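# Secondary and tertiary structure notes
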Amino acid sequence: MTHSEIEAGKQFDKAAWMENMSVSIRNSAAASKKRLSNLKSTRSFKNFDEGKDAPKEYVCPVSLQLMRDPVLLVETGQVYDRESIDGWFKSGHNTDPVTGVRLKGKRLSPVFPLRSAIYDFAKKHSIELEPIDESDERSLDEQENGGKDPMDIEPAAAVGLAGISVYDVQALCSLFHSANMSERIASMKLLADMARYGDSKQMKRVTKCISVDTLTSSLASDSPGLRAQAARLLLHLPGDHVSLLQCLQFIKLPNTQLREEAMLSIWQTAYRNRSKMQDVAKAVEESGTQELIDAIKPLADTTRNDDTPEEVRAYAAFVLCCMVLRPSLRGTMIHEEVAPLLLHFLNTTTDVGFRFCLLKACQYLCEDPRGRQQIRQAGGTRIFVLHLPPRNKLVLYSTRLFLDWFAWVTVAETAVKGMFHLSKDDGARQEMRTTGTIAALRAMNRESKFQEACRHKYLGPLIGRLTTST
């Protein structure tokens with residue numbers, strides 16, 4: 001659950017919300033009512049015995065009927081029938097119907113494996129589902145942007161023309177060698193979605209049928225769409241089929257979904273592991289630093305008014321955080337003014353491990369005069385102070401930043417180092433003197449648990465600097 005969901009759920013009354021939701025749906029526009037009414041006649045649970053009730057994941061939580069076209073509301077991860085969620089938004093709502101979370105965007109993504117499973121279930125139980133109108137496939141975000149991404153295609157339609165079910169893994173794999181590029185891209189997209197969202201049985205079938213060599217060779221294709229879908233499929237297959245360098249190259253491709261999934265892969269690989277974070281930074285330098293910053297920084301920028309999910313922004317900030325750990329990249333990161341972005345996440349994230357990684361990155365930025373100026377101006381002094389054990393009872397002297405065994409760096413040590421460098425700035429020094437920081441530092445200096453080397457090199461000189469009148 002994201003921080004925004006937690007906040008929204010503090011006083012969330014599900015019964016009242018569902019009642020309000022039902023009233024809103026009944027009061028939707030006449031056209032929406034008519035379409036929903038038509039759907040009810042063909043998708044009602046009256047069409048099959050209660051003993052053969054549908055699995056709950058096949059049922060839309062809004063209409064309480066079998067989903068004809070399941071879509072993922074990207075920002076919250078909830079799945080709805082496209083007809084129902086579109087009707088919800090068109091009636092003036094800007095929240096998630098089930099969680100009540102206020103949405104920054106309304107981006108929808110079709111879930112083809114689930115759709116296929118629902119249609120198979122309906123066929124088995126003699127339930128009539130209306131065929132999907134391909135004109136309905138455009139999600140709200142596509143409509144707002146004036147059309148589809150030129151690399152996006154409707155995969156179900158593409159493979160359907162070849163007479164293949166979107167649920168037939170072996171047949172979809174056979175399209176990898178089709179002369180029709182649309183069929184090749186569509187088959188890989190469907191299988192990539194299946195590998196990411198499908199159950200263990202689907203994953204087992206996908207893994208058994210797919211040729212990794214074929215996917216790897218597709219990465220060199222002249223078609224950006226084929227490269228993107230082959231990359232997505234490789235990312236989601238079990239095993240180490242994608243190197244860090246390749247993962248970073250994927251971020252450069254102009255495919256939003258691939259970028260998000262590549263950054264998620266980096267997060268999962270290097271999260272709170274200093275050596276792997278440094279490996280990411282090294283790969284960034286080898287891959288082309290400026291190109292990657294240009295691709296990643298906008299995704300981490302919370303001031304941009306777009307529908308980028310909060311977790312994707314965090315993944316982007318984590319990659320920037322990794323870059324700061326490499327000394328040769330810090331000048332570029334300071335020039336790009338990433339410090340305010342990292343401080344924002346340091347101040348707002350509820351993920352403790354991510355916060356510790358950000359704290360270390362901000363400490364390194366403070367070692368440069370321009371970096372510490374950016375940190376101070378963005379409110380970094382107060383944030384460092386709040387990571388001192390005497391000021392924060394949740395921070396222990398033994399609390400480590402990283403999980404790899406040889407990276408024995410504590411939160412308290414990192415906060416003191418950051419403040420030592422930050423105190424070279426006149427404004428930051430004055431802030432520390434007026435916030436009770438000196439008393440906290442003196443308490444740490446008396447604590448035997450604090451690292452002796454850091455005490456002599458940073459803590460003692462920092463106290464001396466703050467207690468000197470000049």
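Scroll up to find the structure.
The text that follows walks through the structure, step by step, so that each part is easy to find. Bear in mind that the values here come from a model prediction, so they are computed numbers and not experimental data. (Residues numbered from 1 in each chain as written. Predicted model: local features only at pLDDT ≥ 70, side-chain atom pairs only at ≥ 80, totals over all residues. Heavy atoms only, no water.)

So, on to the overall build of the chain. When its secondary structure is counted, the chain shows 26 helices and three strands. Relative to its 470 residues, the chain shows a buried fraction of 53%. Long-range contacts, defined as pairs at least 24 residues apart, comprise 65% of the intrachain contacts of the chain with a sequence gap of at least 6. Element-wise, carbon and sulfur atoms account for 49% of the exposed surface of the chain, whose accessible area totals about 21700 Å². (Helix = DSSP H or I, 4+ residues; strand = E, 2+ residues; numbered from the N terminus. Buried < 20%, exposed > 50% of the residue type's maximum accessible area, 1.4 Å probe, protein only. Contact = heavy atoms within 4.5 Å. Areas by Shrake-Rupley, 256 points an atom, 1.4 Å probe, with all protein chains shown as cover.)

The next point concerns the packing of aromatic side chains. What the rule picks out here adds up to eight aromatic pairs. Every member of this aromatic cluster is reached through a ring pair, and the members are Trp267, Tyr271, Tyr315, Phe318, Phe345 and Phe354. For Arg465, the ring lying beneath its charged end belongs to Phe420, and the centroid distance is 4.6 Å. (Phe/Tyr/Trp six-rings, centres within 6.5 Å; stacked < 30°, edge-to-face > 60°. Lys NZ or Arg CZ within 6 Å of the ring centre and 35° of its normal.)

This paragraph deals with the nonpolar core. By size, the foremost hydrophobic cluster in this structure holds 111 residues, and its most contacted members are Leu233, Met323 and Leu342. The greatest single-element share of this core, amounting to twelve residues, is contributed by helix α17 (residues 310-324). Residue contacts for Met323: discarding those within four places in its chain leaves Ala281, Val284, Leu292, Ile293, Ile296, Leu329 and Met333. Counting residues in hydrophobic clusters, the runner-up holds 24 residues, among them Val71, Tyr80, Leu103 and Ala117. (Core = buried A, V, L, I, M, F, W, Y, C linked by side-chain atoms within 4.5 Å.)

Turning our eyes to something else, we now look at the pairing of strand β1 (residues 70-73). Note on strand geometry: in a regular strand, side chains alternate between the two faces of the sheet. Of the two faces of β1, both are covered, the one formed by Pro70 and Leu72 as well as the one formed by Val71 and Leu73. Both β1 and strand β2 (residues 78-81) contribute to a ladder of four bridges, which runs antiparallel. By the bridge assignment for β2, Pro70 is matched with Asp81. The sheet contact formed by β1 and strand β3 (residues 108-110) spans three bridges and is antiparallel. Note that in β3 the partner of Leu72 across the bridge is Ser109. (Pairing = 2+ DSSP bridges.)

Time to look at the sheet that holds β2. The strands that make up a sheet are held in pairs by hydrogen bonds between backbone atoms, and each pair lies either parallel or antiparallel. With antiparallel pairing, three strands are arranged side by side in an open sheet as β2-β1-β3. At either margin of the open sheet sits one strand with a lone partner, and together these are β2 and β3. Strand after strand, the sheet turns through a mean of 35 degrees between neighbouring axes, direction not considered. (Axes fitted to C-alpha atoms, helices over the stretch in contact; angles between N-to-C directions.)

Okay, helix α16 (residues 289-300) next. The end-to-end C-alpha distance of α16 is 16 Å, a good match for the 16 Å that twelve residues give at a rise of 1.5 Å each. All of the buried residues along α16 are Thr289, Leu292, Ile293, Ala295, Ile296, Leu299 and Ala300. Close packing links the buried residues of α16 with α13 (244-252), α14 (256-270), α15 (274-287), α17, α18 (327-335) and α19 (339-348). (Expected span 1.5 Å × (residues − 1).)

Throughout the structure, instances matching the rule amount to 15 salt bridges. Glu285 is the partner of Arg326 in a salt bridge, and the nearest nitrogen-oxygen pair spans 2.5 Å. Taken together, the residues span a long stretch of sequence, with Arg326 in the loop between α17 and α18 and Glu285 in helix α15 at a distance of 41 residues. Assessed through its relative accessible area of 27%, Arg326 is described here as partly exposed. One salt bridge in this structure joins Lys297 and Glu336, with 4.0 Å as the shortest N-O distance. Here Glu336 lies in the loop between α18 and α19 and Lys297 lies in helix α16, a separation of 39 residues in the sequence. When its relative accessible area of 24% is taken as the criterion, Lys297 is described as partly exposed. The network of salt bridges with shared partners includes Asp193, Arg196, Arg232 and Glu261. (Salt bridge = Lys/Arg side-chain N within 4 Å of Asp/Glu carboxyl O.)

If you check the backbone angles, Arg272 has positive phi at about 55 degrees while not being a glycine. With respect to the element layout, Arg272 can be found in the loop between α14 and α15. In this structure Arg272 comes out as buried when scored by relative accessible area, which is 17%. Positive phi values are uncommon outside glycine, yet Glu337 reaches one of about 55 degrees. Inspection of the secondary structure assignment puts Glu337 in the loop between α18 and α19.

Our next topic: the packing of α14 against α15. Two elements in contact, α14 and α15, have axes whose closest approach is 8 Å; the angle formed by their N-to-C orientations is 145 degrees. Of the residues in α15, those touching α14 at Ile266, Thr269 and Ala270 are Lys276, Met277 and Val280. Across the contact of α14 with α15, the residue classes tally to four nonpolar, one polar and one charged. (Nonpolar A, V, L, I, M, F, W, Y, C, P; charged D, E, K, R; others polar.)

Honestly, that's just the spatial picture; any functional story needs more than this.
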